[in-house]
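Per-entry structural report
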Amino acid sequence: MVRMSAEERRESVVRAAMAEFARGGYYGTSTEAIAKRVGVSQPYLFRLFPGKKAIFLAAAERCVDDTVRMFREASEGLTGEAALHAMSSAYLTVITEHPEQLMMQMQMYLAVAAAEQEGDYEFGESVRTGWMRLWDTVHLPLGADVEATTNFLACGMLVNCLSAMGFPSGHRVWEGLYTAAGPVACGTAGGEAADGAAGPGE
């Protein structure tokens, strides 16, 4: 049996942590559950990370990394509305096929709010830095248009919320977000949605 290096084991911990935190959140997830999913002891876990907060922040950073990479790959060689629809379609595919990506994002924002209520601003600094990376990643393909970038990300957050609540394809709450041409039509420059809205997956 091939032994994993410390870096490979760290990677497996981050991936396991994303899955566990996505489901249980920061406060509802134990390091024991993460260690069990990876197949290591808790003492070994703490040889790789100094504590639970460090594990969560590493998982949050990885969630952002994955999203940034997905947007970059989807928009490569494209600009404007072509980039917008490509990034939107790629994002919808990711959160549909890998719901832990969506759930982890939602848990990140909740963790920031909860931590800052207790006077801990480290979560917020890290997650806000990640959010700005997302902003910058989509900003250039959208023509460095602040309004288009804002609309795109705002629609993306609405997609997150509606998806997290389980609204099915074809439900009227999706109208204005999806058209025959592609998803998140309200992310076009000027925020104008096209006619013929349809639910995701249609």
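A brief structural summary. Values in this document were obtained by computation on a predicted structure and should not be read as measured data.

Rules behind the numbers
- Residues numbered from 1 in each chain as written.
- Predicted model: local features only at pLDDT ≥ 70, side-chain atom pairs only at ≥ 80, totals over all residues.
- Heavy atoms only, no water.
- Core = buried A, V, L, I, M, F, W, Y, C linked by side-chain atoms within 4.5 Å.
- Buried < 20%, exposed > 50% of the residue type's maximum accessible area, 1.4 Å probe, protein only.
- Helix = DSSP H or I, 4+ residues; strand = E, 2+ residues; numbered from the N terminus.
- Phe/Tyr/Trp six-rings, centres within 6.5 Å; stacked < 30°, edge-to-face > 60°.
- Salt bridge = Lys/Arg side-chain N within 4 Å of Asp/Glu carboxyl O.
- Contact = heavy atoms within 4.5 Å.
- Expected span 1.5 Å × (residues − 1).

1. A word on the nonpolar core
Core analysis: the largest hydrophobic core is formed by 54 residues, its most contacted members being Phe21, Ile34, Phe56 and Met104. Among the secondary structure elements, those contributing two or more residues to this core are α1 (6-28), α2 (31-38), α3 (42-48), α4 (52-75), α5 (80-97), α6 (99-117), α7 (122-139) and α8 (146-164). If you tally residues by element for this core, the top one is α4, at twelve residues.

2. Quick notes on the packing of aromatic side chains
The final tally for this structure, using the stated rule, is eight aromatic pairs. Taken together, a centroid distance of 4.9 Å and an interplanar angle of 75° make the contact between Phe21 and Phe56 edge-to-face. Of the two residues, Phe21 sits in helix α1 while Phe56 sits in helix α4, which places them 35 residues apart along the sequence. Both residues of the pair, Phe21 and Phe56, count as buried. Ring geometry for Tyr26 and Phe56: centres 5.3 Å apart, planes at 80°, overall edge-to-face. Taken as a pair, Tyr26 in helix α1 and Phe56 in helix α4 lie far apart in primary sequence, 30 residues in all. Accessibility assignment for this pair places Tyr26 and Phe56 in one class, buried.

3. A look at the pattern of salt bridges
If you walk through the whole model with that rule in mind, you get ten salt bridges. Its salt-bridge partner being Lys53, residue Asp120 comes within 2.7 Å of it at the nearest N-O pair. With a gap of 67 residues between them, Asp120 in the loop between α6 and α7 and Lys53 in helix α4 connect regions that are remote in the sequence. Accessibility expressed as a relative area gives 22% for Asp120, which makes it partly exposed.

4. Points about the side chain of Arg62
Here Arg62 is to be found in helix α4. Here Arg62 falls in the buried class, since its relative accessible area comes to 18%. Aside from chain neighbours lying at most four places away, what touches Arg62 is Glu11, Val14, Arg15 and Met18.

5. Some remarks on α5
Its 18 residues place the ends of α5 26 Å apart at the C-alpha level, agreeing with the 26 Å of an ideal helix rising 1.5 Å per residue. The set of residues buried in α5 consists of Ala83, Leu84, His85, Met87, Ser88, Tyr91, Leu92 and Ile95.

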